[in-house]
Amino acid sequence: MSTLEIRDLQVSVKLPDGELKPILAGVDLTIKSGETHAIMGPNGSGKSTLAYSIAGHPKYEITGGSVTLDGQDVLALSVDERARAGLFLAMQYPVEVPGVSVANFLRTAKTAIDGEAPKLRTWAGELRGAMEKLQMDPSFAQRNVNEGFSGGEKKRHEIMQLELLKPKMAILDETDSGLDIDALRIVSEGVNRVRETGETGFLLITHYTRILRYIKPDFVHVFVGGKIVEEGGPELAEELEVSGYEKFLAKA
């Protein structure tokens, strides 16, 4: 059982003129293995800032609070150390990595996380099986990471990483954006396969409830003005679908 604890997290972003603009205004959140927490909020509320701050993006400056994973100070770790500790981020806009094949990227990542290289014969089967489940053509294994991929293919590749790397905590930053209904279903099924193991905790960031019809959250948090202003169960997402965020804006 793993636990990610976020306490009074305050984050600013550095503007081009060097000034710091506050974004997160004291976030408190605890996620345990097997739990799925959905964070919903309007554009500009700081949801993605929360994701990238936990992952260690250099654009964001931590000005207060703490983040720990199983008692370890996450904020004191480099980005690669955070990944090896068990944190995973599925990005809203996955980047292209020219010159690095999907197969080499995934095997290198798996080796770094496990501390030893997976056996080639076993690994080839795992990779092929993961691609089949996500309905990805096997030829994608030899293509450069995300290069020339469609939006849906990039998101499927993110979930393939999730399934193969088996992190302790997974942050999915608007994984549903840009997906058609078929891709959304396939991606959601991949997430649910990992959820069923009970070994990974999820922080699912989204604007909309459509992905929550496929991935049922245990907890829903309304995020406005850089902080959580309301918490509840799946019924809270249904309320947001009907009434939107307007009534919560005054709480920010």
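Worth saying up front: this structure is predicted, and the values here are computed from it rather than measured.

Student: Give a description of the sheet that holds strand S2 (residues 20–32) that names residues and reports values.
Tutor: Read across the sheet, four strands follow the order S2-S1-S4-S5 without closing on themselves; strand pairing throughout is antiparallel. Of all strands in the sheet, those with a lone pairing partner are S2 and strand S5 (72–73), marking the two edges. Relative to S5, strand S4 (residues 60–69) is paired through two bridges, and the arrangement is antiparallel. For Leu69, the partnering residue across the bridge sits in S5 and is Gln72. Each of strand S1 (3–14), S2 and S4 is contacted by helix H1 (residues 47–55), which is oriented at about 105 degrees to S1, the strand it contacts most.

Student: Explain the nonpolar core residue by residue, including any values.
Tutor: In terms of nonpolar packing, the biggest core is built from 46 residues, with Leu127, Met160, Leu162 and Val222 touching the most fellow members. Sort the elements by how many residues they give to this core and helix H6 (residues 181–195) lands first, with six residues. Filtering out sequence-adjacent residues up to four positions away, Val222 remains in contact with Met40, Lys227, Ile228, Val229, Glu230, Leu236, Leu240, Tyr245 and Phe248. Of all hydrophobic cores here, the second largest spans 29 residues; its members include Val13, Ile54, Met169 and Leu203.

Student: Describe the environment of Pro42, and please don't skip the residues or the numbers.
Tutor: For Pro42, the location among the structural elements is in the loop between strand S3 (36–40) and H1. Sequence-wise, Pro42 and Pro58 are 16 residues apart; in three dimensions their C-alpha atoms are separated by 24 Å. With near-sequence residues (within four places) excluded, Pro42 lies in contact with Lys47, His207, Phe223, Val224, Tyr245 and Leu249.

Student: An account of helix H4 (residues 120–133) is requested, with residue identities and associated values reported.
Tutor: Helix length check: H4, at 14 residues, gives a terminal C-alpha distance of 20 Å against a target of 20 Å (1.5 Å per residue), a fit within 8%. Among the residues of H4, those classed as buried are Trp123, Leu127, Gly129, Ala130 and Met131. The elements touched by buried residues of H4 are helix H3 (102–114) and helix H5 (151–165). Trailing H4 by a residue or two, Gln135 shows a phi angle of about 55 degrees, which is positive.

Student: Can you break down the sheet that holds strand S9 (residues 169–173) residue by residue, with the values?
Tutor: One open sheet accounts for six strands, arranged S6-S9-S10-S3-S11-S12; its pairing is mixed. Two strands close off the open sheet at either side, each with one partner strand: strand S6 (87–90) and strand S12 (227–232). Across the sheet, the mean angle separating the axes of adjacent strands is 20 degrees when strand polarity is ignored. Sitting on the sheet, H5 is in contact with S6, S9 and strand S10 (201–206), with an inclination near 165 degrees to S6. Packed on one face of the sheet, helix H7 (residues 234–243) meets S3, strand S11 (219–224) and S12 and runs near 45 degrees to S11.

Definitions and cut-offs
- Residues numbered from 1 in each chain as written.
- Predicted model: local features only at pLDDT ≥ 70, side-chain atom pairs only at ≥ 80, totals over all residues.
- Heavy atoms only, no water.
- Pairing = 2+ DSSP bridges.
- Helix = DSSP H or I, 4+ residues; strand = E, 2+ residues; numbered from the N terminus.
- Contact = heavy atoms within 4.5 Å.
- Axes fitted to C-alpha atoms, helices over the stretch in contact; angles between N-to-C directions.
- Core = buried A, V, L, I, M, F, W, Y, C linked by side-chain atoms within 4.5 Å.
- Buried < 20%, exposed > 50% of the residue type's maximum accessible area, 1.4 Å probe, protein only.
- Expected span 1.5 Å × (residues − 1).

In short, the description is geometric, and any link to function would need to be established separately.
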